[in-house]
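Structural features, examined
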Amino acid sequence: MKKTILITGATSGIGLGCARKFAANGDRVILTGRNVQKLEDIKSELEAKGTEVLTLVFDVRDREAAKTAIESLPDEWKKIDVLVNNAGLALGLEAEYVGDLDEWEIMIDTNIKGLLTMTRLVVPGMIERNSGHIINVGSVAGDAAYAGGNVYCATKAAVKALTDGLRIDVANTAVRVTNLKPGLVETNFSNIRFRGDEERAANVYKGIKPLTGDDIADVAVYAANAPEHVQIAEVLILATHQASGSVIVRK
């Protein structure tokens, strides 16, 4: 049965992987992001393959813009079956005592408050219908801090706590909640973290075959299509030569 999937941060990386994988699964997708052109390009790509696509342009940090976007959905798109809270980022790798306050605020507003905003806007409809699935993209970084990760790790620890808390809140319903915790995934994540320093970003993935956005998307699609009595609560996904957030064996 075709589902309606809403994916935040859908223009690259894991979000783009999810858009393509859910589309290939026969679902229709609502793609959100800040880059109008990228959203339109992805929309054209997926529609050419027969997928129904709707795009919403807003920043998850902007609560009012998010609210307006969700309320603007046509009636036939309002029944969201799966919410993929993917929008997130890391900025910098400095020690906490010299970190950039503005960058901290961006991470907290995106990774935590943006996720909460989307949850608050979409989940009440799922409760009313007694059907739905929230997939939050956390991180191995939420399990334990690593050098320089401080605030980013804290935001992903918050994603775990919020996911667990939501799962408790909806346990009396048929709504399911999943936390995906990727390890080393080669996307533009490191380019953003290192503020466009491509050489430094490339070094993150040297000597190891990292995961891809598609690898994480495969797990998201599996979780969303598990039998109704099965809730994939949490999945840690690591590259073969990565043992934890800080243990990586490079060849």
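Residues numbered from 1 in each chain as written. Predicted model: local features only at pLDDT ≥ 70, side-chain atom pairs only at ≥ 80, totals over all residues. Heavy atoms only, no water.

What follows concerns the overall build of the protein. Regarding its fold elements, the protein presents eight helices and seven strands. In terms of overall dimensions, the protein is globule-like: its C-alpha atoms have a radius of gyration of 17 Å, near the 18 Å expected for 251 residues. By principal-axis analysis of the C-alpha atoms, the protein measures approximately 45 × 40 × 35 Å. Burial status across the protein gives 50% buried among its 251 residues. Considering only contacts in the protein between residues 6 or more positions apart, those separated by 24 or more positions represent 71%. Just so you have it, the protein exposes about 12000 Å², and 52% of that area is on carbon and sulfur atoms. Separation between the mean location of the 29 positive side-chain charges and that of the 33 negative ones in the protein comes to 4 Å. (Helix = DSSP H or I, 4+ residues; strand = E, 2+ residues; numbered from the N terminus. Rg over C-alpha atoms; globule rule 2.2 N^0.38 Å. Buried < 20%, exposed > 50% of the residue type's maximum accessible area, 1.4 Å probe, protein only. Contact = heavy atoms within 4.5 Å. Areas by Shrake-Rupley, 256 points an atom, 1.4 Å probe, with all protein chains shown as cover. Lys, Arg positive; Asp, Glu negative; His and termini not counted. Charge placed at Lys NZ, Arg CZ, Asp CG, Glu CD.)

Now for the pattern of salt bridges. Tallying each qualifying case throughout the model produces 18 salt bridges. With its nearest N and O atoms 3.9 Å apart, the salt bridge here joins Asp59 to Arg34. In this pair, Asp59 is assigned in the loop between β3 (53-57) and α3 (63-71) and Arg34 in the loop between β2 (28-33) and α2 (36-47), connecting sequence segments 25 residues apart. Judged by relative accessible area, which is 60%, Arg34 ranks as exposed. In this structure, the salt-bridge partner of Glu234 is Lys160, at a minimum N-O distance of 2.9 Å. One end of the pair, Glu234, is in strand β7 (residues 234-237); the other, Lys160, is in helix α5 (residues 150-169), and 74 residues separate them in sequence. The partly exposed category is assigned to Glu234, whose relative accessible area is 33%. The exposure class of Lys160 is partly exposed, given its relative accessible area of 26%. (Salt bridge = Lys/Arg side-chain N within 4 Å of Asp/Glu carboxyl O.)

Turning our attention to the packing of aromatic side chains. Counting across every chain of the model gives one aromatic pair. For Arg28, the ring lying beneath its charged end belongs to Trp77, and the centroid distance is 4.1 Å. The ring of Tyr152 carries Arg193 above its face, with NZ or CZ at 5.3 Å from the centroid. (Phe/Tyr/Trp six-rings, centres within 6.5 Å; stacked < 30°, edge-to-face > 60°. Lys NZ or Arg CZ within 6 Å of the ring centre and 35° of its normal.)

Taking every second residue as pointing to the same face, both faces of strand β4 (residues 82-85) are buried, with Val82 and Val84 on one and Leu83 and Asn85 on the other. Each parallel crossover has a hand, and for β4 linked through helix α4 (residues 101-129) to strand β5 (residues 133-137) it is right-handed. (Right-handed = clockwise from strand over helix to strand, strands pointing away.)

It is worth spelling out the sheet that holds β2 at this point. The strand order β3-β2-β1-β4-β5-β6-β7 describes an open sheet built from seven strands, whose pairing is parallel. This sheet does not close on itself; its edge strands, each paired only once, are β3 and β7. Put simply, the sheet's adjacent strands are angled 15° from each other on average, direction ignored. Pairing geometry for β2 and β3, over five bridges, is parallel. Across the sheet, residue Ile30 finds its bridge partner in β3, namely Leu54. Across the sheet, α4 is in contact with β1 (4-7), β4 and β5; its angle to β4 comes to roughly 175°. (Pairing = 2+ DSSP bridges. Axes fitted to C-alpha atoms, helices over the stretch in contact; angles between N-to-C directions.)

On to the packing of α3 against α4, then. Running from amino to carboxyl end, α3 crosses α4 at an angle of 30°, the nearest separation of the two axes being 10 Å. When the axes of α3 and α4 are compared, the pair comes out roughly parallel. Handedness of the α3/α4 crossing: right-handed. Contacts between α3 and α4 involve Arg63, Ala66, Lys67 and Ile70 from the first element and Thr117, Met118, Leu121 and Val122 from the second. A breakdown of the residues in the contact of α3 with α4 according to their chemical character gives five nonpolar, one polar and two charged. (Parallel < 35°, antiparallel > 145°, perpendicular 65-115°, else oblique. Left-handed = near helix turned anticlockwise from the far one by under 90°. Nonpolar A, V, L, I, M, F, W, Y, C, P; charged D, E, K, R; others polar.)

Let's shift gears to the nonpolar core. Most often, soluble globular proteins have nonpolar side chains that are buried together. Core analysis: the largest hydrophobic core is formed by 40 residues, its most contacted members being Ile7, Phe22, Leu31 and Val84. Elements with a minimum of two residues in this core: β1, α1 (13-24), β2, α2, β4, β5, α8 (213-224) and β7. In terms of residue count, the dominant contributor to this core is α8 (seven residues). When neighbours within four sequence positions are excluded, Leu31 is seen to be in contact with Ile7, Ala10, Ala19, Leu39, Ile42, Leu46, Val53, Leu54, Thr55 and Leu56. The next biggest cluster of nonpolar side chains, apart from the first, holds 22 residues, and it includes Leu6, Ile80, Met126 and Ile134. (Core = buried A, V, L, I, M, F, W, Y, C linked by side-chain atoms within 4.5 Å.)

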